[in-house]
Every structure is written in C-alpha cells, then in structure tokens.
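Analysis of the macromolecular model
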Amino acid sequence: MKIERIETFLVPPRWLFCRIETSDGVVGWGEPVVEGRAEVVRAAIDVLSEYLIGQDPLQIERHWQVLTKGGFYRGGPVLSSAVAGLDHALWDIAGKVYGAPVAALLGGRVRDRVRVYAWVGGDEPSAIGESVAEQVAAGMTAVKMNASGQIQASPSVAEVNDIVNRLTAARAVLGDSRDVAIDLHGRVGVAAARRILHAVEDLQPMFVEEPVLPEQMAHLAEVVATSTVPVALGERLYHRSDFMAPLNAGVAVVQPDVSHAGGISELRRIAVLADAHGAMLAPHCPLGPISLAASLQVSFATPNFLIQEQSRGIHYNVTSDLTSYVVDPAPFAWVNGHAEWNPLPGLGITVDEEAVRAADRTGHAWRNPVWTHEDGSFAEW
C-alpha cells in the first residue's frame, strides 16, 4: 500500500482540510491550518507532498521525522501545522487499516468519556450570565470566555474590575460544582497579568489562559507565583521543546493544538512531557471536526488529561459549524458535558466529502481582526 494522492480543501468558515488516498483506496483526513494563513499552509502541504507520494502510509513516525527535519530549517506554525494535518490523515488511515480507533493504537483509552467545555461570550456581565445559563441548561459542566475585549497592556482599574465582574457573573450561574476558565490571549503585560491573577483568585477559575505572550516566557515564573490560580498556555507553541520553559516555570495546564503542534504524534509527546512535570493537558481546539476528532483520540488515551476545548457554537463559526462536514454528527453530541467513547476506526468520523468539495469551490480568505488602541498603536487581538 502506497500513498497515491494528497488534496487540500479551503473550507468555510476558516478551516483547511487535507485528504490522503492510498493505492488500496483507504482514505485518511486531516485538518492542517493556521487560522488566517490557510492558503500558506496549503502551499506547504503541496511541498511536503512531494516526499509523501509513493510512501507507505503506515510508517507514521518515520514520515514525521522527515517532514519536520528533512528540510533543514525547522519549526514555526506553518510547517508544524502542515505536518499536523498530514499526521492526522496518516493516523486515520492506520486506524482504518487495523480496524481500531487511533486511541487504541496509542495504547488504549484510559477513560470512557472526555469532559469538554463550551465557549461563552457577552460584552456585559448580564449577557455573560445568560450565555452561561444556556450552557448549563444544555448539560455543560464547564465554560470558557475571553477575560475582556480589547484592553490596554497596562489596564486601568476599571478594566481589571470589568474582568472580575464578568467572571463573577459566570460564577454566580455555575455555582461551586461547575467550572469557568478565562482567556487573556496575551493582551496585557507581565505586571498587569500578575494584577489580574491576584484580582480573580477568590473566584477560583479552573485556569487563566495565556496570561503572557510566548515571547515573554522569561517572566512566566513570576506570573505563575503571583497567585494560586492555575496558569494555562500553549496554543502558540509548536514543539515539545517549546513547552520546557513554561513547564519549568510551573504552568499547571498545557494547551497544545493538534492542528498546530505537529499533530497526534507530537501532541501525545507533549502530554507525556507535561505529566513528568505534574501538569495536565487541555488541548486547544477552536477549529473544525477533523481537528477535534484527532484531539479527542489523544484525550481518551492520556492519563493527565484535564478538559477538551471544542468549537460548537463558537463565535467564529458563522457560515458553518462543527457538524457541517460530517455524515453523522453523533460523535459530537455531548452527553452531560462529555464526549462519549467512540469505537469507530481511525479518527472516528466520516467526512462528507461531497460537502467538503462543494465548500472548497467557494473557499474562504478568513483573516483575524487587527486592533489598535485609541492612540493608534497596535493592540493584541
């Protein structure tokens, strides 16, 4: 069996899918994308495909090594995301060939269901409360929200109080038996991150995500030490070596993205590294169905797993949602805030190929917003 064809599809709202077909007719699917740079990753897939065509698809680790190291220059979100999608598809093929879920090939599942959280939003605390109440009614046991909208790197007292008020509104609905996390998105400076962690400590968020930017890792330990609030980060880290500094700084939760950090193969290694440091895995995944399916396979097989992000109803999904390109949405039907074990082989989903090809004919050119402060200077989005 050899790899015979590799195709990519620009799929609204902001996703990129890839399809690998073998000489035996087995098809695997992956989701390689850098949001806002999907076309660039597509070009990278074309280049990497030169190596893969004609290869045995079951030699996954051999291919991962060549794809990530064989071009001499290594790393970065475009290359690692392109490799990630190809890796998904190869694992999907392997599972279908062996007749087993990918999680079984990773050593078997260590749990029967995976806890997921829902995104909530709203500019005012009252809107946050309403959104959280909807998720509680739907059976969710955890939610996450942006800590704020646009904010100054050194925020005012009012801006910090607004974060506290939004979190207070969410906690009032959730009570003590459900969880809420907030995402700072690296929008504030190191000193401000310390202030905010201290300010929200009494509300006991499950974690505060990305309090500082990846390039500020040298100061991460002092942020972590500010309070007892668990610190999480990792969506903008792309290799296990990138996680060494934050783990040594004491982060409690790592959040690699299976579509950015080298795929299933590397996500698994990052989880093991985190476990050695006493940290937990909460995979980043605000993307499409293939990315989530791949992420769930790792989550089922990872002992130090905490919770899984998922994009159903997220604010990005305006034209299409998580189930728009799968034949059967059942794998994404949450039961009491959890994904149930899925025994289907490979990634456990059937991609609606006709819908994907039709969507690609329209394509997309999604770009993230570019924000500026009142004085015209650049603001982190």
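Note that the structure is predicted; figures quoted are calculated from it, not measured.

Calculation rules
- Residues numbered from 1 in each chain as written.
- Predicted model: local features only at pLDDT ≥ 70, side-chain atom pairs only at ≥ 80, totals over all residues.
- Heavy atoms only, no water.
- Helix = DSSP H or I, 4+ residues; strand = E, 2+ residues; numbered from the N terminus.
- Rg over C-alpha atoms; globule rule 2.2 N^0.38 Å.
- Buried < 20%, exposed > 50% of the residue type's maximum accessible area, 1.4 Å probe, protein only.
- Salt bridge = Lys/Arg side-chain N within 4 Å of Asp/Glu carboxyl O.
- Phe/Tyr/Trp six-rings, centres within 6.5 Å; stacked < 30°, edge-to-face > 60°.
- Pairing = 2+ DSSP bridges.
- UniProt positions renumbered as here; feature names shortened; annotations may be inferred.
- Axes fitted to C-alpha atoms, helices over the stretch in contact; angles between N-to-C directions.
- Contact = heavy atoms within 4.5 Å.
- Core = buried A, V, L, I, M, F, W, Y, C linked by side-chain atoms within 4.5 Å.
- Expected span 1.5 Å × (residues − 1).

1. Notes on the overall build of the protein chain
For the protein chain, the helix and strand inventory stands at 12 helices and 14 strands. The C-alpha radius of gyration of the protein chain comes to 20 Å, within 12% of the 21 Å expected for a compact globule of 381 residues. Over its C-alpha atoms, taken along the principal directions, the protein chain stretches across nearly 60 × 45 × 45 Å. Out of the 381 residues in the protein chain, the part that is buried amounts to 56%.

2. Let's talk about the pattern of salt bridges
Applying the stated rule across the entire model yields 19 salt bridges. Arg269 is paired through a salt bridge with Glu61; the nearest N and O atoms lie 3.0 Å apart. Within this pair, whereas Arg269 is found in helix 10 (residues 263–276), its partner Glu61 is found in helix 2 (residues 60–69), the two being separated by 208 residues in sequence. Taking the relative accessible area as the measure of exposure, Arg269 reaches 23% and is therefore partly exposed. Via salt bridges that share partners, Arg5, Glu7, Arg19, Glu21, Glu353 and Arg357 belong to a single interconnected network.

3. A closer look at unusual backbone geometry
Along the chain, Pro12 connects to Pro13 via a cis peptide bond; the corresponding omega equals 15 degrees. Positionally, Pro13 belongs in the loop between strand 1 (3–11) and strand 2 (15–22). The residue Gln204 is not glycine, and still its phi comes out positive at about 50 degrees.

4. A look at the packing of aromatic side chains
For the structure shown, the criterion picks out 8 aromatic pairs. Seen from their ring centres, Trp15 and Tyr325 are 6.2 Å apart, and the 75 degrees between their planes marks the pair as edge-to-face. Here Tyr325 lies in the loop between strand 11 (308–309) and strand 12 (338–340) and Trp15 lies in strand 2, a separation of 310 residues in the sequence. Aromatic side chains Phe17 and Tyr325 sit 5.9 Å apart centroid to centroid with 85 degrees between the ring planes, which places their arrangement in the edge-to-face category.

5. Section: the pairing of strand 1
With 7 of its 9 residues buried, strand 1 lies for the most part within the structure. Of the pairings in the sheet, the one linking strand 1 to strand 2 comprises 8 bridges and is antiparallel in character. From the neighbouring strand, Leu10 faces strand 2, where its bridge partner is Leu16. Between the antiparallel neighbours strand 1 and strand 2 lie 3 residues.

6. Topic: the UniProt feature "domain: Mandelate racemase/muconate lactonizing enzyme C-terminal" (unreviewed entry) in the protein chain
Per the UniProt entry, the sites bearing "domain: Mandelate racemase/muconate lactonizing enzyme C-terminal" (unreviewed entry) are residues 125–230 in this numbering. What you have in residues 125–230 is 44% helix and 11% strand, and the ends, taken at the C-alpha atoms, are 23 Å apart.

7. Focus: the sheet that holds strand 3 (residues 27–30)
Taken in spatial order, the 3 strands of this open sheet run 1-2-3, and their pairing is antiparallel. One side of each edge strand has no neighbouring strand; the edge strands of this open sheet are strand 1 and strand 3. The sheet shows a mean angle of 20 degrees between the axes of neighbouring strands, direction not considered. The strands touched by helix 3 (residues 77–98) are strand 1, strand 2 and strand 3; relative to strand 3, the strand with the most contacts, the crossing angle is about 145 degrees. Strand contacts of helix 12 (residues 353–362): strand 1, strand 2 and strand 3, with the helix running at about 60 degrees to strand 1, the strand carrying the most contacts.

8. Quick word on the nonpolar core
In this structure, Phe17, Leu86, Val200, Leu220, Ile264 and Phe332 are the most contacted members of the largest nonpolar core, which totals 111 residues. If near-sequence neighbours (up to four positions away) are discounted, Val200 is found in contact with Ile163, Val164, Leu167, Ile182, Pro205, Val208 and Val229. Core analysis: the next-biggest nonpolar cluster, separate from the first, contains 13 residues, Ala142, Phe207, Ala232 and Ile314 among them.

9. Some details on helix 10
With 14 residues, helix 10 ought to run about 20 Å at 1.5 Å a step, and its terminal C-alpha atoms sit 20 Å apart, in line with that. Considered for burial, the residues of helix 10 that qualify are Gly263, Ile264, Ser265, Glu266, Leu267, Ile270, Ala271, Leu273 and Ala274. The first or second residue beyond helix 10 is Gly278, which carries a positive phi of 75 degrees.

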